[in-house]
Amino acid sequence: MASSESILYHDLENFQDHGSSLGDELESFEDENNFKEIAKGIISKTKNNLSNLSEKIKFNNTLFTETENELKEIVSNISNLDIKVYSTVDQVKEKIFSIVNFANIWESSIEKQRNKAIFKILKLISIAEWTNWNYNAIYSNANQSNIYFTDMTLKEVMEYQKIYSRGRASSAIWKYQFIKKTLNDIIKKHNFDLNQKFTPEFQDRIAIIQLEKRGLNKFLSWRISYNDFQYKLSKEWASLPKNHTNKSYYAWDWVNKSLITNARLDDELKSIHREEG
């Protein structure tokens, strides 16, 4: 399990929150000398935080290469923000808002890296489910193109699953192969409009909701290991192995089985999340 010192996203989000509030805090100071002292303290603290953060982040794959480079650039720029005795209040404010800008860059970077990780996981699920990236796939016929769920409303998709499930081993449809009950429960829980189209974007959105339910955010912030995350994912997608046994979580029903190996899933998750002993 990763140490608490390696919680990447948690640290970055804290820095973003801290930076975004600086401008409002400093606007309230009217005394120029007091303003400068406060600003000096904030910049010093920010530099220390960034220095510590750069030591914590240990990248070992291409996923975070851009973030690592951005961090180095930000640390370098922060080092140039020291306040001089002769600095005017306006100059100090400019330096402070530079920090706010750096924080916003980080916010964008965090989201960008999160999206890359999600894309990798969703792609892996599609491979495991044998849907060939087809948003109109149905159980046992991944390549079908006669029925377009992407043109249907949620109400129409639900009705189709209700009919399709009769006499079949599974009611699973679309790219992420959710069965009738799972999809119905999601729609009801999140109060989605039944006239909403079942577009590829909406399908991805629902899949991400279930990823989050199964621990995505904890996985990305190093609060659970990739083995724990794998086990949680296997409860959502029967084609994923639950652990080193290579068995599906639902293997007991004699219908479901894992369709990729544990080693493959391990490798993919490790490319996103590296544990430290």
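Scroll up for the structure.
Below you will find a few notes about this structure. On a predicted model such as this, the values are computed, not experimentally measured, just so you know.

## Remarks on the layout of surface pockets
Next up, step 1: A volume near 980 Å³ is recorded for the largest pocket.
Next up, step 2: In terms of lining residues, the largest pocket is bounded by 36 residues, among which Ala-172, Gln-177, Ile-179, Ala-238 and Asn-256 are the most central.
Next up, step 3: Put simply, the parts of the chain that give the lining of the largest pocket at least two residues each are helix 6 (180-189), helix 7 (200-213) and helix 9 (226-236).
Next up, step 4: Per-element accounting of the lining of the largest pocket gives the leading share, five residues, to helix 6.

## Examining the side chain of Ser-258
Next up, step 1: Residue placement: Ser-258 occurs in the loop between helix 9 and helix 10 (262-270).
Next up, step 2: Residue Ser-258 is classed as buried on the basis of its relative accessible area of 16%.
Next up, step 3: Polar contacts involving the side chain of Ser-258 include one to the main-chain carbonyl oxygen of Asn-246, which spans 2.4 Å.
Next up, step 4: In this structure Ser-258 touches Ala-238, Ser-239, Leu-240, Pro-241, Asn-246, Lys-247 and Ser-248, once residues within four positions along its chain are discounted.

## Considerations on the nonpolar core
Next up, step 1: The biggest cluster of nonpolar side chains holds 41 residues, and the ones touching the most others in it are Tyr-176, Phe-198 and Leu-211.
Next up, step 2: Elements supplying a minimum of two residues to this core: helix 4 (89-128), helix 5 (154-164), helix 6, helix 7, helix 8 (216-220), helix 9 and helix 10.
Next up, step 3: It is helix 4 that contributes the most residues to this core, seven residues altogether.
Next up, step 4: Beyond its immediate stretch of four places on either side in the chain, Phe-198 contacts Phe-149, Thr-150, Met-152, Leu-154, Val-157, Trp-174, Leu-183, Gln-203 and Ile-206.

## Some points on the pattern of salt bridges
Next up, step 1: By the definition in use, this model includes four salt bridges.
Next up, step 2: Residue Asp-204 is joined to Lys-175 by a salt bridge in which the shortest nitrogen-to-oxygen separation is 4.0 Å. With Asp-204 in helix 7 and Lys-175 in the loop between helix 5 and helix 6, this residue pair connects regions lying 29 residues apart in the sequence.
Next up, step 3: Ionic pairing is found between Arg-214 and Glu-236, a salt bridge with its closest N-O pair at 2.7 Å. Here Arg-214, found in the loop between helix 7 and helix 8, pairs with Glu-236, found in helix 9; they are 22 residues apart in sequence, far enough to count as distant.
Next up, step 4: Residue Glu-236 is classed as buried on the basis of its relative accessible area of 12%.

## Focus: the packing of helix 9 against helix 10
Next up, step 1: Contact geometry for helix 9 and helix 10: axes closest at 10 Å, N-to-C directions at 120°. The angle between the axes of helix 9 and helix 10 places the two elements in the oblique class. As for the relative orientation of helix 9 and helix 10, their crossing is right-handed in sense. For the pair helix 9 and helix 10, contact is made by Tyr-226, Asn-227, Phe-229 and Gln-230 and by Asn-262, Leu-265, Asp-266, Leu-269 and Lys-270, respectively.
Next up, step 2: Across the contact of helix 9 with helix 10, the residue classes break down as four nonpolar, three polar and two charged.

## Topic: the packing of aromatic side chains
Remark: the centre distance and the inter-plane angle together describe each pair of aromatic rings, the angle taken between the planes.
Next up, step 1: In the structure shown here, the tally under the stated rule is twelve aromatic pairs.
Next up, step 2: Ring centres 4.9 Å apart and planes at 85° place the aromatic pair Trp-174 and Phe-178 in the edge-to-face group.
Next up, step 3: In this structure Phe-178 comes out as buried when scored by relative accessible area, which is 1%.
Next up, step 4: Seen in terms of ring centroids, Phe-192 and Phe-202 are 5.0 Å apart; in terms of plane orientation they differ by 80°. Their pairing is edge-to-face.

## Comments concerning helix 7
Next up, step 1: Taking 1.5 Å as the rise per residue, helix 7 with 14 residues should run 20 Å; its terminal C-alpha atoms sit 20 Å apart, in good agreement.
Next up, step 2: Positive backbone phi, approximately 105°, marks Gly-215, located one or two places after helix 7.

## Observations regarding helix 6
Next up, step 1: Those residues of helix 6 not exposed but buried are Leu-183, Ile-186 and Ile-187. Projected onto a plane normal to the axis of helix 6, the buried residues spread over an arc of 95° and lie on a single side. Pointing more than 90 degrees away from the buried face of helix 6 are the exposed residues Lys-181, Lys-188 and Lys-189.
Next up, step 2: Close packing links the buried residues of helix 6 with helix 5 and helix 7.
Next up, step 3: At the exit of helix 6 stands Asn-191, carrying a positive phi of roughly 55°.

Quick notes on the rules
- Residues numbered from 1 in each chain as written.
- Predicted model: local features only at pLDDT ≥ 70, side-chain atom pairs only at ≥ 80, totals over all residues.
- Heavy atoms only, no water.
- 1 Å grid on protein atoms, 1.4 Å probe; cavity = no way out; pocket = protein on both sides within 12 Å on 5 of 7 lines; lining within 4 Å.
- Points joined across faces, edges and corners; volume = space filled by probe spheres on them.
- Helix = DSSP H or I, 4+ residues; strand = E, 2+ residues; numbered from the N terminus.
- Buried < 20%, exposed > 50% of the residue type's maximum accessible area, 1.4 Å probe, protein only.
- Polar contact = N/O pair within 3.5 Å; in protein donor to acceptor, adjacent residues only side chain to side chain.
- Contact = heavy atoms within 4.5 Å.
- Core = buried A, V, L, I, M, F, W, Y, C linked by side-chain atoms within 4.5 Å.
- Salt bridge = Lys/Arg side-chain N within 4 Å of Asp/Glu carboxyl O.
- Axes fitted to C-alpha atoms, helices over the stretch in contact; angles between N-to-C directions.
- Parallel < 35°, antiparallel > 145°, perpendicular 65-115°, else oblique.
- Left-handed = near helix turned anticlockwise from the far one by under 90°.
- Nonpolar A, V, L, I, M, F, W, Y, C, P; charged D, E, K, R; others polar.
- Phe/Tyr/Trp six-rings, centres within 6.5 Å; stacked < 30°, edge-to-face > 60°.
- Expected span 1.5 Å × (residues − 1).
- Arc of directions from axis to C-beta.

It is worth stressing that arrangement in space is one thing and function is another; only the former is reported here.
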